[in-house]
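# Examination of the molecular architecture
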Amino acid sequence: MFEDLRDLYQEVILDHGRHPRHGHRLEAFDATAKGDNPLCGDRIQLWLKYAPDGTIAKAGFEARGCAISIASADLMAEAVTGRTPAQASALSARFRDMARSGIAPDDDPDLAGLRPLSGVHEYPSRVKCATLPWHALVAALDGAQEAGSE
Amino acid sequence: MNVTTKPALLDLARIRADFPILRQSVHGKTLVFLDSAASAMKPRAVIEAMSGAMETQYANVHRGLHWMSERTTEAYEATRDAVAGLIGAPDRHEIVFVRNSTEAINLVAHSYGRGIMKPGQAVVISAMEHHSNIVPWQMLRDAHGIELRIAPITEAGELDMAAFEALLADGRVGLVAITHMSNVLGSYTPAERIAAIAHAHGARVLFDGSQAVVHRRVDVAALGADFYVFTGHKLYGPTGIGVLWGRRELLEAMPPFLGGGDMISSVSYARSTWAQVPHKFEAGTPAILEAIGLSAAIGYVQAIGYEAIAAHEAALTDHALARLSAVEGVRILGRAQDRGGVVSFTLDRAHAHDVATLLDRQGIAIRAGHHCAEPLMHHLGLESTARASFAVYTTHAEIDALADTLARVREFFA
């Protein structure tokens, strides 16, 4: 019945939406920020812990939201681990471009694990679900407490 | 719950033929529109009244000395009579046109709240209000030293009448502002009892009839209301036109809300004087075409008749409650004895937004989110729900489609 929705709800998204690996608060952290989507009530709090070399050692989150937003937060936490803040920030910009356009260049290895979320671009009302965690990420990296929205 | 189906007194096939949009398909599927509580579809009578006015009879109102303006003014003012007849207002001058319920409530919060109420007095709202009946009172509270009190609801989603009455006991409440029907839980509130209790404690009462007036006959005099507000677009009319009804002596005592053209008696640089009610509250060129559309919508509803509408929607609601509660994993919110055609629910395996996206791909439109009632959501311990709402054109088959598809949605998220 929902075959045409498989582009949006790929198995990896359903899996991470249901069983997020990083869906927990970090007791020791260096940065945190929350993201709010007042239109739909989605909410995320993100925590980051840096390694001595300044790269992101760990990311964790607590979120209330749909499968898309939870999966996006979880895949984001995986994707930014081991990156410098500058790299993570750049990745956030590329991810948001991908979510809006659906274009994920094959030669961009950084987007590889995130490509399943590119299907969201066909659902304009759901793009913000996917991008909310990434706004919170930028806020945390910048030392802001709260994410600005688009 | 009454599950016996009352005979529908309306000709559903004919009614559906009156709404051109219902023949549209979405994602290649027949449209099943179950989001009428957000905004209802428009019958041909409304569409033609508005386009007909633009094609044959249109000018600004209340100012032209020419034929076009006179005819348009007649049509605009006829809407005031139509609204007065619809809600049992004793005096056509008590009908004030505004943009929507939100503006009507803001008008009362400003003109009655700041103009008549005194700092130290209180406003009582309920725990199941739309943001439109919360935020204007918060603004009044912060600007004018008015206390805001929240009457709780019971676990069933009905107004807790004992707690409500207790909130009025100290005699400081100047105004009670409560929904006549919850846009989330579907609960009707006992408006006559609320008004009697408010008056016994010296308070005035405003009802937000945005949902209620769509489903049942409203008689503001019989309810004992002091103010009643509703919006046109949920009543099969256009957007941009809403109604504030208020008792004439209250409207006359209240200062204007917005200043400008049309609301004055005379203007000089030293001072201006106000027009009589209702024009005192209608600054600027009004929503002329929208008023003409609202008139047609009221005529349409009255031609069907509220008895038939109420019976049809009661049968639909009973059917929806029975079918949805039988879907595994569905939890219905609120079980008020007296309820209208709105059913909010959650599905155990999926967030409301995911549910809405999957349903949409089958052509089924529902609302998902906090329904502009965040404090109520918080009270229910939820961030969002899915909501199906019914209108005069809704069929039992559409509710069956929703229930059947919800079961498949649940399998999808297994």
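The structure presented is a predicted model; accordingly, all values stated were derived computationally and were not measured. (Residues numbered from 1 in each chain as written. Chains lettered and ligands numbered in written order. Predicted model: local features only at pLDDT ≥ 70, side-chain atom pairs only at ≥ 80, totals over all residues. Heavy atoms only, no water.)

## Details of the domain arrangement of chain B
Residues and elements named next belong to chain B. Once the domains are mapped, chain B shows domain 1 (7-30 + 305-413) and domain 2 (48-302). The partner domain 2 presents 31 residues to the 35 residues of domain 1 that form the contact. Taking both partners together, domain 1 and domain 2 bury about 2,700 Å²; carbon and sulfur atoms supply 54% of that area. At the boundary of domain 1 with domain 2, the tally comes to three salt bridges. Counting the contacts that link domain 1 with domain 2 gives 21 residue pairs in polar contact (both at pLDDT 80 or more). Of all elements in the fold, only helix H12 (306-325), strand E14 (342-347) and helix H14 (374-380) reach the threshold of two or more residues within the side of domain 1 that touches domain 2. Split by residue class, the side of domain 1 that touches domain 2 holds 18 nonpolar, nine polar and eight charged. (Domains from an automatic or database assignment. Contact = heavy atoms within 4.5 Å. Buried area = accessible area lost by both parts, 1.4 Å probe. Salt bridge = Lys/Arg side-chain N within 4 Å of Asp/Glu carboxyl O. Polar contact = N/O pair within 3.5 Å; in protein donor to acceptor, adjacent residues only side chain to side chain. Helix = DSSP H or I, 4+ residues; strand = E, 2+ residues; numbered from the N terminus. Nonpolar A, V, L, I, M, F, W, Y, C, P; charged D, E, K, R; others polar.)

## Comments concerning empty space enclosed by the protein
All names here are of chain B. This structure, assessed with the given rule, holds one cavity of 30 Å³ or more. There is about 50 Å³ of room inside the largest cavity. Around the largest cavity sit Ser-36, Ala-37, Ala-40, Gln-211, Val-214, His-215, Lys-234, Ser-389, Phe-390 and Ala-391, which together line it. When grouped by side-chain class, the residues that make up the lining of the largest cavity number five nonpolar, four polar and one charged. In terms of domain composition, the lining of the largest cavity takes at least three residues from each of domain 1 (7-30 + 305-413) and domain 2 (48-302). (1 Å grid on protein atoms, 1.4 Å probe; cavity = no way out; pocket = protein on both sides within 12 Å on 5 of 7 lines; lining within 4 Å. Points joined across faces, edges and corners; volume = space filled by probe spheres on them.)

## What to know about the side chain of Glu-129 of chain B
Residues and elements named next belong to chain B. Inspection of the secondary structure puts Glu-129 in the loop between strand E5 (122-126) and helix H5 (135-144). Comment: no salt bridge for buried Glu-129; closest opposite-charge side chain is Lys-234, at 13 Å. A distance of 2.8 Å separates the side chain of Glu-129 from the side chain of Asn-133, its partner in a polar contact. Among the polar contacts made by the side chain of Glu-129, one reaches the main-chain amide nitrogen of Thr-179 at a distance of 3.0 Å. Those residues within four positions of Glu-129 in sequence are excluded, and the remaining contacts are Ile-134, Ala-177, Ile-178, Thr-179, Cys-372 and Ala-373. (Buried < 20%, exposed > 50% of the residue type's maximum accessible area, 1.4 Å probe, protein only. Lys, Arg positive; Asp, Glu negative; His and termini not counted.)

## Concerning the sheet that holds strand E3 (residues 56-64) of chain A
All names here are of chain A. Ordered in space as E1-E2-E3, the three strands form an open sheet in which the pairing is antiparallel. With partners counted over all chains shown, the strands left at the sheet margins are strand E1 (31-37) and E3, one partner each. Here the strands of the sheet are splayed against their neighbours by 15° on average, with no regard to which way each runs. The sheet contact formed by E1 and strand E2 (residues 42-50) spans seven bridges and is antiparallel. Each bridged residue has a counterpart across the sheet, and for Lys-34 the counterpart in E2 is Gln-45. Sheet strands touched by helix H4 (residues 127-142): E1, E2 and E3. Its angle to E2, the strand with the most contacts, is close to 40°. (Pairing = 2+ DSSP bridges. Axes fitted to C-alpha atoms, helices over the stretch in contact; angles between N-to-C directions.)

## Brief notes about the sheet that holds E14 of chain B
All names here are of chain B. In space, the four strands of this open sheet follow the order E13-E14-E17-E16, with antiparallel pairing throughout. Where the open sheet ends on each side, the last strands, each with one partner, are strand E13 (330-333) and strand E16 (367-369). Sheet twist, expressed as the mean angle between neighbouring strand axes with direction ignored, is 30°. Alignment of E16 against strand E17 (residues 385-389), held across three bridges, turns out to be antiparallel. Bridge pairing in E17 links Ala-368 to Ala-386. Along the sheet, helix H13 (residues 352-361) makes contact with E14, E16 and E17, crossing E16 at roughly 155°. Each of E13, E14 and E17 is contacted by helix H15 (residues 396-412), which is oriented at about 15° to E14, the strand it contacts most.

## Things to note about the interface of chain B and chain A
A common way to report how large an interface is uses the accessible area buried once the components associate. With 20 residues of chain B at the contact, the number on the chain A side is 23 residues. Buried surface at the junction of chain B and chain A, summed over both partners, amounts to about 1,900 Å²; 53% is from carbon and sulfur atoms. Among the residues chain B hides against chain A, the three largest losses belong to Arg-361, Glu-383 and Phe-412 of chain B. Together they make up 34% of the total. Counting the contacts that link chain B with chain A gives two salt bridges. Between Arg-361 of chain B and Asp-4 of chain A there is a salt bridge whose closest N-O contact spans 3.9 Å. For the interface between chain B and chain A, the tally reads eight residue pairs in polar contact (both at pLDDT 80 or more). Going through the elements one at a time, H13 and H15 of chain B are the ones with two or more residues in the side of chain B that touches chain A. Per element, the largest residue contribution to the side of chain B that touches chain A is five residues, and it comes from H13 of chain B.

## Some remarks on unusual backbone geometry
Residue and element names in this part refer to chain B. Along the chain, Val-277 connects to Pro-278 via a cis peptide bond; the corresponding omega equals 5°. Along the chain, the position of Pro-278 falls in the loop between strand E12 (272-274) and helix H11 (288-304). The backbone of His-62 sits at a positive phi, close to 65°, despite the residue not being glycine. Its place among the elements puts His-62 in the loop between helix H2 (44-56) and helix H3 (67-87). Although it is not a glycine, His-371 sits at a positive phi angle of roughly 55°. Looking at the element boundaries, His-371 is found in the loop between E16 and H14.

## Remarks on the packing of aromatic side chains
Residue and element names in this part refer to chain B. Applying the stated criterion across every chain, the model contains twelve aromatic pairs over all chains. Look at Phe-19 and Tyr-236: their rings are 5.9 Å apart centre to centre, the planes differ by 65°, and that puts the pair in the edge-to-face class. Here Phe-19, found in the loop between helix H1 (12-17) and strand E1 (25-26), pairs with Tyr-236, found in the loop between strand E9 (227-231) and strand E10 (242-246); they are 217 residues apart in sequence, far enough to count as distant. When its relative accessible area of 0% is taken as the criterion, Phe-19 is described as buried. Summarising the aromatic geometry, the rings of Phe-412 and Phe-413 are spaced 5.2 Å apart at their centres and angled 75° between planes, so their arrangement reads as edge-to-face. Take Phe-412 and Phe-413: they sit in the same class, and that class is buried. Geometry around Tyr-188 places Arg-216 over its ring, the cationic atom sitting 3.6 Å from the centre. (Phe/Tyr/Trp six-rings, centres within 6.5 Å; stacked < 30°, edge-to-face > 60°. Lys NZ or Arg CZ within 6 Å of the ring centre and 35° of its normal.)

## Some thoughts on the pairing of E9 of chain B
Two faces make up the sheet, and in a regular strand the side chains alternate between them. All names here are of chain B. In terms of burial, E9 is largely enclosed, as five of its five residues are buried. Where burial is concerned, the two faces of E9 agree: the one with Phe-227, Val-229 and Thr-231 and the one with Tyr-228 and Phe-230 are both buried. Taken together, the five bridges between E9 and E10 define a ladder with antiparallel strand orientation. If you follow Thr-231 over to E10, its bridge partner there is Gly-242.

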